[in-house]
Each structure stands twice: as structure tokens, then as C-alpha cells.
Amino acid sequence: MTTNAPQERPGLDGLGRALMSSGALSPDWAPSYAAVPRSTVLPELMWPFDMEAGRSVAVSRADDPDKWQEFADSDVPIVTQWDDGKHTGTAPGRVPTSSASMPSVVFRMLQDLALQPGHKVLEIGTATAWNALLMAHRAGPGCVTTVEVDRAVATAAMATVERWGVPLQVVHGDGFQGYPDGAPYDRVIATCGLRSFPFAWVEQCRPGGVLVAPWGTHYSNADAVARLVVAPDGASASGRFTGPVEFMKLRSQRFVPRAHSEYVTGSVAEGVESATTITEAEFVGAQFGPERFAMGLRVPRCSCIVAKKHEGALPVWFYSLDDRSWACCMFRDGDIARVWQSGARRMWDEVEAAFRWWDGHGRPDPSRFGLTVTADGERVWLDDPADSWAL
């Protein structure tokens with residue numbers, strides 16, 4: 001690989017030390033980290049997430065090169081496209097649709113992949129091509145194929161790869177079907193969130209091969225990284241989740257929320273009223289806590305929306321994706337939460353039963369759960385693949 005990237009930059013070295021100290025960057029990936037700085041693939045105008053401000057901010061390399069470089073060398077996610085490319089101007093758009101992930105997340109997933117020199121790897125979601133270039137540095141020439149659904153993003157990635165002079169293949173297409181022309185692969189990795197694991201990826205991976213992808217349910221945006229190993233007969237892939245993440249979703253699996261008015265046509269009081277002793281703190285949890293991910297595994301075909309808290313009251317809504325059943329749990333400071341639900345499905349009853357199950361099993365985090373994928377669908381499990389259930 002050749003590049004004009006600056007070497008021994010203080011910010012780059014500082015981030016590398018922090019990543020190694022946290023365990024995100026393993027010693028075997030350190031040479032690739034040093035050889036392929038993230039700054040060399042980022043656009044002139046980008047929208048990093050400012051941790052202090054708690055939001056994405058526009059940063060132009062031409063206007064403020066020092067600030068641009070500081071964010072490029074920071075462990076923050078950086079949006080590189082809004083609204084599927086329809087966005088214009090410098091202000092953040094409505095929905096982020098392509099990005100450079102946090103370096104700590106990138107390297108933890110690469111550790112999960114267990115990529116070795118000479119392995120053929122398929123990547124779904126090229127974005128800036130940083131992940132593909134890192135893998136190419138480790139695996140070697142001609143070993144990486146990466147698929148990008150957005151034409152403009154794919155074109156930019158092709159230019160980046162050409163600039164680097166690296167023999168890796170960038171394909172413009174929908175990665176949902178994988179890329180059979182290059183199969184079989186030793187490794188498959190996705191840099192987008194899944195709501196259903198494509199069996200085509202399993203079919204295109206060798207027996208004993210590893211697949212790594214963020215996976216979750218429609219209950220929330222909470223994902224966890226699934227690390228699956230293809231069975232010797234190639235008929236399934238199974239493995240545990242390695243940690244919580246939150247990724248932009250595979251475009252063909254994006255969730256389109258239904259309007260609240262399609263469910264609740266009058267007053268919430270028209271629903272059947274009850275109460276619960278579950279508290280707001282234990283139910284809602286932290287942003288990357290295990291609660292939302294676990295609830296999604298036990299309450300299928302459900303969307304949960306946590307509204308804004310106002311004057312000590314926090315409404316949490318649950319919408320069935322099978323019909324127009326709904327529930328609302330109103331947590332209120334200093335009082336027992338009140339519940340209303342309506343429809344053929346008693347959504348809160350399902351959710352509360354799921355919470356009691358999760359609580360009764362020691363409140364497991366994603367690492368105790370696992371996923372098995374076959375041609376017939378997916379099954380999830382807690383601790384033991386033999387004790388699984390379908391979603």
C-alpha cells in the first residue's frame with residue numbers, strides 16, 4: 001500500500017494507545033491501524049459526533065483543519081452522508097445513511113472476525129472503505145471484496161481504493177444477497193445492522209468460516225455483534241453475541257415506523273388500565289444496557305418507543321407489528337407506573353412477562369445470548385443452543 005498519510009501524528013498515536021489500553025485494538029491489528037489512518041479516507045466535509053455537545057456537528061477541513069484532524073483521530077462515529085445523498089448544505093440532515101464507525105467498534109469487530117493472511121473476505125457495507133483497506137492490509141492482495149448499495153458512496157470508495165493502489169474489489173450492489181461471484185469466502189463481515197440474517201451469506205462462507213454482523217430486532221435500535229461459525233455441513237451458522245452496538249440498518253431491512261394515530265385513535269384511557277411495580281430505571285436502563293436488546297428477543301414483532309420525559313412522567317409505547325395492538329406504560333417519579341393496553345395482543349403483558357423472564361435469569365447481557373441461522377430462519381438462545389426459540 002502507498003499513501004501520503006502523515007506518520008507518527010500525535011493524535012493518531014494517542015488514539016492507538018487508548019484503543020490498545022482498552023483492549024479494542026489487539027497487537028496483531030496494530031500494524032494495520034498504523035498503516036491505514038482513518039483520516040485518509042474521510043471526506044473534506046464530515047459530521048462527527050461531538051461527545052460534549054451530544055450531537056453531530058459539521059466540520060470542514062478547508063475551514064478548520066485542526067478541528068477536522070482532531071475528530072478524525074478521535075474515537076467517535078462520523079457521519080459522511082445524510083438522507084441517502086439527498087441532503088445538501090453543511091447543517092446535519094434528517095437521517096444519517098453512511099458513516100465511519102468508532103475506531104473502537106471497528107477493531108473489536110475485526111478481532112471477532114479472526115481474519116488471517118490469505119483469507120478471502122466479503123464485506124457488506126463499504127462506506128468510506130476504511131474497514132476494507134484495513135482488512136486488505138492484513139489479508140493481502142486480492143483477498144477482499146466489499147459491496148456498497150449506494151452508488152455515490154461506492155463511487156467515492158472506488159476512488160479511495162484506487163488512490164491507495166490496493167488490489168481489492170469494490171462492488172456497487174445490494175449486499176443482502178452477498179456476492180456469489182467471489183464465493184466461497186473464509187470470512188464475511190457486515191458494517192450495517194441486520195433485522196434478519198441473510199442465509200445467502202452462510203451459503204457463500206466455507207464450513208468453519210466466520211460471519212460477523214450487528215444484529216437486532218424491531219423492538220429498538222439496539223444491536224449486538226453476532227459472531228457465527230458455519231457448521232461442517234454448511235447447513236447452518238451459530239454463535240454468541242460479543243457486545244452491544246448500534247448501526248445504521250441494511251437498507252432493505254430498514255424499519256418504517258407506523259403512525260401513532262393508526263393505533264391510538266382516541267384517548268389512551270380507552271385502553272384497559274393496570275399498574276406495574278417495574279421501575280423506570282430498571283426497565284429503560286442505559287443507552288447501551290442489555291434491557292432493550294433482551295426485550296426484543298422475547299417480544300417478537302413489537303416496536304418500543306421511549307418518549308421524552310416531562311414533569312417527572314416518562315411514557316413508553318409498544319406497538320404490535322402484526323396488528324394494531326398497543327400499550328403505554330407511564331413511569332412517574334415517586335409513584336407506581338400506570339399501564340394502558342388495547343387490541344388482540346396484550347402488549348404490556350407480553351413485555352412484562354419478558355422482563356420477569358430476563359430478571360429471573362440474572363439479567364443477562366448480550367454475551368450470554370446466541371443466534372443460529374438456517375435456511376428455515378433464525379433461532380435465538382440463552383447460554384445453550386439446544387434451548388432455543390424462533391423469533
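Remember, it's a predicted structure, so these values are computed and weren't measured experimentally. (Residues numbered from 1 in each chain as written. Predicted model: local features only at pLDDT ≥ 70, side-chain atom pairs only at ≥ 80, totals over all residues. Heavy atoms only, no water.)

(A) Spotlight on the overall build of the chain. Along the backbone of the chain there are 10 helices and 20 strands. In terms of overall size, the chain behaves like a compact globule, its C-alpha atoms giving a radius of gyration of 22 Å where 391 residues would be expected to give roughly 21 Å. Within the chain, residue pairs in contact and separated by at least 24 positions form 59% of the contacts whose partners lie at least 6 positions apart. Per element, the accessible surface of the chain, about 17300 Å² overall, is 52% carbon and sulfur. (Helix = DSSP H or I, 4+ residues; strand = E, 2+ residues; numbered from the N terminus. Rg over C-alpha atoms; globule rule 2.2 N^0.38 Å. Contact = heavy atoms within 4.5 Å. Areas by Shrake-Rupley, 256 points an atom, 1.4 Å probe, with all protein chains shown as cover.)

(B) Expanded view of the sheet that holds strand S20 (residues 388–390). An order of S8-S7-S6-S9-S10-S11-S12-S18-S19-S20 is seen for the 10 strands of this open sheet, with the pairing classed as mixed. The open sheet has two free edges, formed respectively by strand S8 (169–172) and S20, since each of these has just one partner strand. Taken over all neighbouring pairs, the strand axes of this sheet differ in orientation by 20° on average, direction set aside. Direction of pairing for strand S12 (residues 236–245) relative to strand S18 (residues 369–374): antiparallel, over a ladder of five bridges. Across the sheet, the residue bridging to Gly-239 is Leu-371, located in S18. (Pairing = 2+ DSSP bridges. Axes fitted to C-alpha atoms, helices over the stretch in contact; angles between N-to-C directions.)

(C) The confidence of the model for the chain, seen in detail. Looking at the chain as a whole, its pLDDT mean stands at 95, while 97% of the residues score no less than 70. A low-confidence stretch, residues 1–8 stays under pLDDT 50, and its non-local contacts, those more than four residues away or across chains, total 15 contacts. (pLDDT = per-residue confidence, 0-100.)

(D) Representation of the sheet that holds strand S16 (residues 326–332) in the model. Here five strands make up an open sheet; going across it, the order is S13-S17-S16-S15-S14 and the pairing antiparallel. The sheet is open, and its two borders are formed by strand S13 (272–276) and strand S14 (302–306), each paired with just one other strand. Put simply, the sheet's adjacent strands are angled 20° from each other on average, direction ignored. The sheet contacts of helix H10 (residues 347–360) involve S13, S14, strand S15 (313–320), S16 and strand S17 (335–342), and relative to S15 the element is tilted by about 105°.

(E) Quick look at unusual backbone geometry. Residue Pro-184 follows Ala-183 across a cis peptide bond; omega there is 0°. The topology assignment puts Pro-184 in the loop between S8 and strand S9 (185–190). Its identity is not glycine, yet Glu-311 carries a phi of approximately 50°, on the positive side. Here Glu-311 shows up in the loop between S14 and S15. The exposed category is assigned to Glu-311, whose relative accessible area is 70%. (Buried < 20%, exposed > 50% of the residue type's maximum accessible area, 1.4 Å probe, protein only.)

(F) Focus on the environment of Ala-226. Position of Ala-226 among the secondary structure elements: in strand S11 (residues 223–230). Taking relative accessible area as the criterion, Ala-226 reaches 0% and is therefore assigned buried. Taking the C-alpha atoms as reference points, Ala-226 and Arg-240, 14 residues apart in sequence, are found 6.0 Å from one another. Setting aside residues up to four positions removed in sequence, Ala-226 forms contacts with Leu-211, Val-212, Ala-213, Trp-215, Arg-240, Phe-241 and Leu-371.

(G) Representation of the nonpolar core in the model. Residues Phe-197, Trp-201, Leu-211, Trp-215, Phe-283 and Phe-318 are the most contacted members of the largest nonpolar core, which totals 58 residues. The element that contributes the greatest number of residues to this core is H10, accounting for seven residues. Formed by 39 residues, the second largest nonpolar core is a distinct cluster that contains Leu-25, Val-36, Trp-130 and Met-135. (Core = buried A, V, L, I, M, F, W, Y, C linked by side-chain atoms within 4.5 Å.)

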